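Secondary and tertiary structure notes
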Amino acid sequence: MPAGGYFGRALVVDVTSGTSRSQPLPDGVLRGYIGGSGLGTWLLYQMGTPGADPLGPAAPLAFVFSPLVGTPLTTSAKFAVVAKSPLTGMLTDALASSQFAIAGKLTGHDAIVIDGRAPELSVLLVDGDGTRLITAAHLTGLTAADTDRRLRSELGRGWRVAAIGPAGERGVRYATISHDGRHAGRGGLGAVMGAKNLKAIAVRAAAKVATADPAAVLAAARDLRERSFGPATAKYRELGTLANLLAFNAISALPSRNFQSATFDGTAELAGGAAGNAGGAAEDIDGMRRVARSSCASCTIGCEHIYRVGKGRKVRAEYENVFALGPMCGVSEPGAVLAASARCDDLGIDTISAGGTIAWAMECAQRGLIDAPWLRFGDADALLRALDEIGARSTPLGSLLAEGSRRASATVGGGSGAFAPHVKGLEMPGYEPRTLHAMALGLAVNARGADHNRSGAYEADLSGDLVRLDGGEAHVTAAVETEDRAAVMDSLILCKFLRGVFTDPFTEWAALLSGVTGWDVTGRELRDTARRIVMAKRVYNIREGWQPADDWLPDRLLNEPLSLPSGRVAALTADRLRAMIGSYYAMRGLDPQGRPDRTAVDDLGLA
Amino acid sequence: MLAGGQSSRMGRPKSGLEWHGSTLLRRTAGIMARVTSGPVVVVRAPGQGLPELPEGVLVADDPREGRGPLQGIAAGLAALSGRAEIAFVASTDMPFLHPAFIRRVLGVLAQSEGTDVALPVARGYKQPLAAGYRVWLAEAAERLVKEDRLRPAFLFEESRVRTLDDAALKQDPVLAALDPDLDSVLNVNTPGDYAAARARPAPEVTVQLFGTVAKGGASGGPHLVRAATVGAAADAVAVVFDRHVTAALNGDQITRDRMTPLAAGDTVFFLSADAGG
Ligand code: SF4
């Protein structure tokens, strides 16, 4: 076992029988996959039954920690939740940060993997005394936040809780898992947990984890902390990601009304004040008032900006939830968007998938494909009603939309698949592919589906270093590079919002990992690790039925060019996308169909 | 862009003339790059030194020196063959060339199937060096040069030319609003022309600031300022245009290049470089 950072074992719990075992994790695996998203991929490949139903008992759900958890390094209190996604049928890994990460790891495990299905709705407890299941009958239907509060008061000090809301219990395919008000949001992990009849997992620290070179890690932590106060993170500290709203609208990168446009006429209202206040972004804005700022555990950046409308509830507003429940659904009232966001939190559903699926349904209603004349773009009451029907699965429409836009469009038909806003079944985040061509590629080829966290290729589009409307080789290189960086950051784990402070990222990350573990990792090795992790996700997906057609974008984006205010036309043709995907495959060492050869697979050490 | 002319009346190469902290060549190339989706080709005399050019600009050589504009047109169009169907040909010395002018001329050419050349007749003169050409005319132009028939008029004789007078050009409301006197075709030939052009105020542009950029500098805007380059626009609103800031021109291409030229009516958005989630 390495000199620090790990316990060298995973806890595997079978909730059908309530039994558990400890599984050793070989050094080579830890070094090759690090932790978080990478180690989670390896675990899922090992433990998942190929072809299993993501909502069946044979599909494992893994909470995976990382070597940096528990160190004083800023933004490191994070973990990954990894499973086969009920939306995509492929790998999904959601990251979240909270005290749960620290307490979970200090149960003495690098990962907690859950299998089976509990006989009744239960809470899984893990601490130094082992594992046990207790009934969750009294928690049925509660929000994740209320579940957290109740359990902590019942269990006493030191317990940390990850829980699902009512939507997870009802199998909404994009339900979330929440803890300390943060969410493992994307891909439907809450539904997987609900399918295991688990309302919550509570963990309590019982062990200490060693650090190989405590002095070096402390020095690095101080240095990173200093850097985290600098200009590279100013946006996150001072404004939060909500500042993107006005900027993206200005550059036609803000998808609205289900990708029918890349600007939104209600942006100024939503982001506060008239256009004359364009830059004032998000601070004490008209209607929406910033009342607090906070941060995840162990973070010195603090990007969470909490808003309130009138005397309403305090809600965390980030670009993605405001985009998905605002412009995407045509809603411009700040209060309504915050209320919808709060409703998603209460139900325990992913705001991006909820907003995307509802926006698609609004367009279907407009075209007469769905009989719900009340479901109109821009109607805040309709948005809230749709969210409630989805969370409760209380109506046929609610049940249909609880399946996500891909499945719903297959049911509705009538050509509605062409404008269903998803890749591989995962709804699209707020980045317009037609005006961000590097991002278009990143979204198309990503293992998780349409996702802005595993592929940060928009960075290249927004950098000015390439022509964002003219995708080509430079965009492919950028997409590969950002995907590689994300693979390492998501496995170490460090928050992406810290990425701008690193000047030589792979080398600096290697030094951090070496200080914690005692390994002599180099930047070069980490680059190989990144490629291994990206490849392993693809290999997992192939095993679960991935086809070349899955690396693609919704037809609408390829067939409906956008006219920009500058007079230019932004088009992303199928030919251009195909060419970029071809280059991406070549750069990743895949065949033209996107598959690796036998040797490449063997090198992954998965078997 | 033809950069190889004699500049005899100017007394020094026009392409290197200073223009609001940049050069005339850099400006014209930047304006062309903003409008077209294909490459910009600068044609120079054999061995001619050029000032710094924006990234992505191609350089072609005139095979022989002093053969006049038709040879430059031939060399430029030849360099584009296989890469574009139509091209805008400009000389270096048009400091007020407006993107809307290029867009208008190319727009007419693209939409007139039976036309080989879209030839502005602006401010009373034919403007062969501010005109649109079909790229395949390269062959005919080369032949004419070989035959020593060195004036563009010879090429027009054997092409289908559509002339655009002032009124036709200004049918485009954007051009009419932003360049009402068609200053786009004004060229500077003498030190006097140059001094007079240089004495004009920089174009009026709108600047808006977003995110942390707004917090660091002036308020978000919009601010009306006079600036001939993106860098000057940043200075005008006290934005430090460093690696943490990018500029989006008219909401379109994003740049970090201070020398990106601006024209009347442009809007510049300054954004945090780390825009995105
Ligand atoms: S920057 Fe934001 S998301 Fe990242 S760790 Fe800090 S508070 Fe959490």
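Residues numbered from 1 in each chain as written. Chains lettered and ligands numbered in written order. Predicted model: local features only at pLDDT ≥ 70, side-chain atom pairs only at ≥ 80, totals over all residues. Heavy atoms only, no water.

1. Observations concerning the overall build of chain B
Our working rule: Per the convention used, a helix needs a DSSP run of H or I reaching at least four residues, while a strand needs a run of E reaching at least two, with both numbered from the N terminus. Within these notes, the globule rule equals 2.2 Å times the number of residues to the 0.38 power, and the radius of gyration is based on C-alpha atoms. Think of it in three bands: with a 1.4 Å probe and only protein chains considered, a residue is buried below 20% of the maximum accessible area for its type, exposed above 50%, and partly exposed in between. The contact rule is simple, with two residues in contact once any of their heavy atoms fall within 4.5 Å. Note on areas: these come from Shrake-Rupley sampling with a 1.4 Å probe, and a residue is covered only by the protein chains present in the view. For the purpose of counting charges, residues Lys and Arg are taken to be positive, whereas Asp and Glu are taken to be negative. His and the chain ends are not included. Charged side chains are reduced to one point each, which is NZ for Lys, CZ for Arg, CG for Asp and CD for Glu.
Broken down by element type, chain B carries 10 helices and 14 strands. In terms of overall size, chain B behaves like a compact globule, its C-alpha atoms giving a radius of gyration of 19 Å where 277 residues would be expected to give roughly 19 Å. When burial is assessed residue by residue, chain B has 56% of its 277 residues classed as buried. Considering only intrachain contacts with a sequence separation of at least 6, the fraction spanning at least 24 residues in chain B is 63%. Roughly 11,500 Å² of accessible area belongs to chain B as shown, and the carbon and sulfur atoms make up 50% of that amount. With 29 positive and 30 negative side-chain charges, chain B shows a separation of 2 Å between the mean positions of the two kinds.

2. Quick word on the interface of chain A and chain B
How big an interface is tends to be reported as the loss of accessible area on association of its parts. Let me state the cut-off plainly: The term buried area denotes the loss of accessible surface (1.4 Å probe radius) that occurs when two parts are joined, taken as the sum for both partners. The term salt bridge refers to a pairing of a side-chain nitrogen on Lys or Arg with a carboxyl oxygen on Asp or Glu at a separation within 4 Å. Side-chain atoms alone can form a polar contact between residues adjacent in sequence; in general such a contact is a pair of N or O atoms within 3.5 Å, and within protein one must be able to donate a hydrogen while the other accepts it. As a working rule, the residues Ala, Val, Leu, Ile, Met, Phe, Trp, Tyr, Cys and Pro are called nonpolar, Asp, Glu, Lys and Arg charged, and the rest polar, with Gly in that last group.
The partner chain B presents 30 residues to the 38 residues of chain A that form the contact. Between chain A and chain B lies a buried interface of about 2,700 Å² when both sides are counted; carbon and sulfur atoms form 51% of it. Between Arg-568 of chain A and Asp-252 of chain B there is a salt bridge, with its nearest N and O atoms 3.6 Å apart. Summed over the shared surface of chain A and chain B, the result is 6 residue pairs in polar contact (both at pLDDT 80 or more). Put simply, the parts of the chain that give the side of chain A that touches chain B at least two residues each are helix H8 (234-239), helix H9 (244-250) and helix H18 (458-463) of chain A. When its residues are assigned to classes, the side of chain A that touches chain B shows 21 nonpolar, 8 polar and 9 charged.

3. Digging into the nonpolar core
Note the threshold: Residues belong to a common nonpolar core when they are buried Ala, Val, Leu, Ile, Met, Phe, Trp, Tyr or Cys residues joined through side-chain atoms within 4.5 Å.
Ranked by internal contacts, the top residues of the largest apolar core, which has 163 residues, are Leu-375 and Leu-387 of chain A. For Leu-375 of chain A, the residues in contact, after removing those within four places along its chain, are Ile-358, Ala-361, Met-362, Ala-365, Ala-382, Ala-386 and Leu-397 of chain A.

4. Some details on the environment of Val-113 of chain A
All names here are of chain A. For Val-113, the position within the fold is in strand E6 (residues 111-115). Separated by 180 residues in the primary sequence, Val-113 and Arg-293 have C-alpha atoms spaced 34 Å apart. With near-sequence residues (within four places) excluded, Val-113 lies in contact with Leu-11, Val-12, Val-13, Leu-43, Met-47, Pro-60, Leu-61 and Ala-62.

5. Looking at the domain arrangement of chain A
Residues and elements named next belong to chain A. Spelled out, the test is: Domain extents, as shown, originate in an automatic or database domain assignment.
By domain assignment, chain A separates into domain 1 (9-204), domain 2 (241-416) and domain 3 (433-602). Taken together, the 16 residues of domain 2 in the interface contact 14 residues of domain 3. Of the roughly 1,100 Å² buried between domain 2 and domain 3, counting both surfaces, carbon and sulfur atoms make up 65%. Three residues, Ile-251, Ser-252 and Phe-259, lead the burial of domain 2 against domain 3; their summed loss comes to 38% of the area buried on that side. At the surface where domain 2 touches domain 3, the tally comes to 1 salt bridge.

6. Remarks on unusual backbone geometry
Residues and elements named next belong to chain A. Here the residue pair Leu-492 and Ile-493 is connected by a cis peptide bond, since its omega of -10 degrees sits within 30 degrees of zero. Mapped onto the elements, Ile-493 comes out in the loop between helix H19 (473-492) and helix H20 (505-517). Of note, Thr-75 is a non-glycine position whose phi angle comes to about 65 degrees, a positive value. Tracing the backbone shows Thr-75 in the loop between strand E3 (61-64) and strand E4 (78-84). Of the residues examined, Thr-75 reaches a relative accessible area of 2% and is grouped as buried. With phi around 45 degrees, Arg-393 is a residue other than glycine that occupies positive phi space. Position of Arg-393 relative to the elements: it lies in the loop between helix H14 (380-392) and helix H15 (396-401).

7. Focus on the packing of helix H12 (residues 334-347) of chain A against H14 of chain A
All names here are of chain A. How we decide: Each axis is a line fitted through C-alpha atoms, taken for helices only over the stretch in contact, and angles between the N-to-C directions span 0 to 180 degrees. Each angle is binned into one of four classes, with values under 35 degrees roughly parallel, values over 145 roughly antiparallel, values of 65 to 115 roughly perpendicular, and all other values oblique.
In the contact formed by H12 and H14, the axes pass within 10 Å of each other and the chain directions differ by 5 degrees. When the interaxial angle is binned, H12 and H14 end up roughly parallel. Of the residues in H14, those touching H12 at Ala-336, Ala-339, Ala-340, Arg-343, Cys-344 and Leu-347 are Ala-380, Leu-383, Leu-384, Leu-387, Asp-388 and Gly-391. Taken together, the residues of the contact of H12 with H14 sort by class into 9 nonpolar, 1 polar and 2 charged.

8. Overview of the packing of helix H1 (residues 24-35) of chain B against helix H3 (residues 99-111) of chain B
Residues and elements named next belong to chain B. Rule in force here: Rotating anticlockwise by less than a right angle from the far helix to the near helix defines a left-handed crossing, while the corresponding clockwise rotation defines a right-handed one.
In contact at an axis separation of 9 Å, H1 and H3 are set at 50 degrees when each is read in the N-to-C sense. The orientation of H1 with respect to H3, classified from their angle, is oblique. With respect to the hand of their crossing, H1 and H3 are arranged in right-handed fashion. On the side of H1, the interface is formed by Ile-31, Met-32, Arg-34 and Val-35, while H3 contributes Pro-99, Ile-102 and Arg-103. Along the lines of polarity and charge, the residues of the contact of H1 with H3 split into 5 nonpolar, no polar and 2 charged.

9. Looking at the site of the ligand
All names here are of chain A. Threshold: Proximity criterion: a residue is near a molecule or strand once any of its heavy atoms comes within 4 Å of it. Grid spacing is 1 Å over the protein atoms alone, the probe is 1.4 Å, and a cavity is where that probe fits but cannot get out, while a pocket is an open set with protein on both sides within 12 Å along at least five of seven lines and lining residues have an atom within 4 Å of a point. Throughout, a molecule is located in a cavity or pocket provided that more than half of its atoms lie within 2 Å of its grid points.
The environment of the ligand is made up of Thr-75, Lys-78, Arg-182, Ser-295, Cys-296, Cys-299, Ile-301, Gly-302, Cys-303, Cys-495 and Phe-497. When atoms are counted within 2 Å of each cavity's grid points, the one that captures over half of the ligand is the largest cavity. Its residues assigned to classes, the shell around the ligand shows 6 nonpolar, 3 polar and 2 charged. Residue assignment places the shell around the ligand across two domains, with domain 1 (9-204) and domain 2 (241-416) each supplying three or more.

10. Looking at the packing of aromatic side chains
Just so we agree on the cut-off: Within 6.5 Å between ring centres, the rings of Phe, Tyr and Trp (the latter by its six-membered ring) count as paired, and their orientation is classed by plane angle as stacked under 30 degrees, edge-to-face over 60, tilted in between. When the NZ atom of lysine or the CZ atom of arginine is within 6 Å of a ring's centre and also within 35 degrees of its normal, the charge is said to sit over that ring.
For the coordinates displayed, the defined rule picks out 19 aromatic pairs over all chains. Taking the centre distance of 4.4 Å and the plane angle of 25 degrees together, the rings of Tyr-431 of chain A and Tyr-458 of chain A count as stacked. With Tyr-431 of chain A in the loop between strand E17 (426-427) and helix H17 (437-445) and Tyr-458 of chain A in helix H18, this residue pair connects regions lying 27 residues apart in the sequence. The residues Tyr-431 of chain A and Tyr-458 of chain A share a single accessibility class, namely buried. Ring centres 6.3 Å apart and planes at 85 degrees place the aromatic pair Phe-88 of chain B and Phe-101 of chain B in the edge-to-face group. In this pair, Phe-88 of chain B sits in strand E5 (residues 86-90) while Phe-101 of chain B sits in helix H3, placing the two residues 13 residues apart along the sequence. One exposure class covers both Phe-88 of chain B and Phe-101 of chain B, and it is buried. The structure contains a cluster of three or more aromatic residues connected by ring pairs, namely Phe-248, Tyr-319, Phe-323, Tyr-431 and Tyr-458 of chain A. Positioned over the ring face of Trp-19 of chain B is Arg-198 of chain B, at 5.7 Å from the centre of the ring. Across the ring face of Phe-96 of chain B, the terminal group of Arg-200 of chain B is positioned such that the distance to the ring centre comes to 4.4 Å.

11. Some words on the sheet that holds strand E10 (residues 204-209) of chain B
Residues and elements named next belong to chain B. Going by this rule: The rule for pairing is simple: two strands pair if DSSP sees at least two bridges between them.
The strand order across the open sheet built from 5 strands is E11-E10-E14-E12-E13, with neighbouring strands paired in mixed fashion. Each end of this open sheet is capped by a strand with a single partner; those strands are strand E11 (223-226) and strand E13 (254-255). Here 2 bridges tie strand E12 (residues 245-249) to E13, and the two strands are oriented antiparallel to one another. Counterpart to Ala-248 in the pairing with E13 is Ile-254.

12. Examining the sheet that holds E3 of chain A
Residue and element names in this part refer to chain A. Here 6 strands make up an open sheet; going across it, the order is E2-E1-E6-E3-E4-E5 and the pairing mixed. Edge positions in the sheet fall to strand E2 (19-24) and strand E5 (91-97), since each of these pairs with one other strand and no more. Within this sheet the neighbouring strands show an average axis-to-axis angle of 20 degrees, counted without direction. Direction of pairing for E4 relative to E5: antiparallel, over a ladder of 7 bridges. Residue Phe-79 lies in a different strand from E5, and its bridge partner there is Ala-96. Lying on the sheet, helix H2 (residues 36-47) is in contact with strand E1 (9-14), E2, E3, E4, E5 and E6; it crosses E4 at an angle near 30 degrees.

13. What about H14 of chain A?
Residue and element names in this part refer to chain A. Short version of the rule: One less than the number of residues in a helix, times 1.5 Å, gives the span that helix is expected to have.
An ideal rise of 1.5 Å per residue puts 18 Å on 13 residues; H14 measures up with 19 Å between its terminal C-alpha atoms. For H14, the set of buried residues is Ala-380, Ala-382, Leu-383, Leu-384, Ala-386, Leu-387, Glu-389, Ile-390 and Gly-391. With a side-chain oxygen lying 3.0 Å from the backbone nitrogen of Asp-381, the N-terminal cap of H14 falls on Asp-379. Two residues or fewer after H14 comes Arg-393, characterised by a positive phi angle close to 45 degrees.

14. A look at the domain arrangement of chain B
Residues and elements named next belong to chain B. The domain architecture assigned to chain B consists of domain 1 (2-195) and domain 2 (202-276). One C-alpha centre belongs to domain 1, the other to domain 2, and the line joining them spans 28 Å. Between domain 1 and domain 2, the contact holds 11 residues from the first and 14 residues from the second. Carbon and sulfur atoms supply 57% of the area buried between domain 1 and domain 2, which totals about 950 Å² over both sides. At the junction of domain 1 and domain 2, the tally comes to 2 salt bridges.

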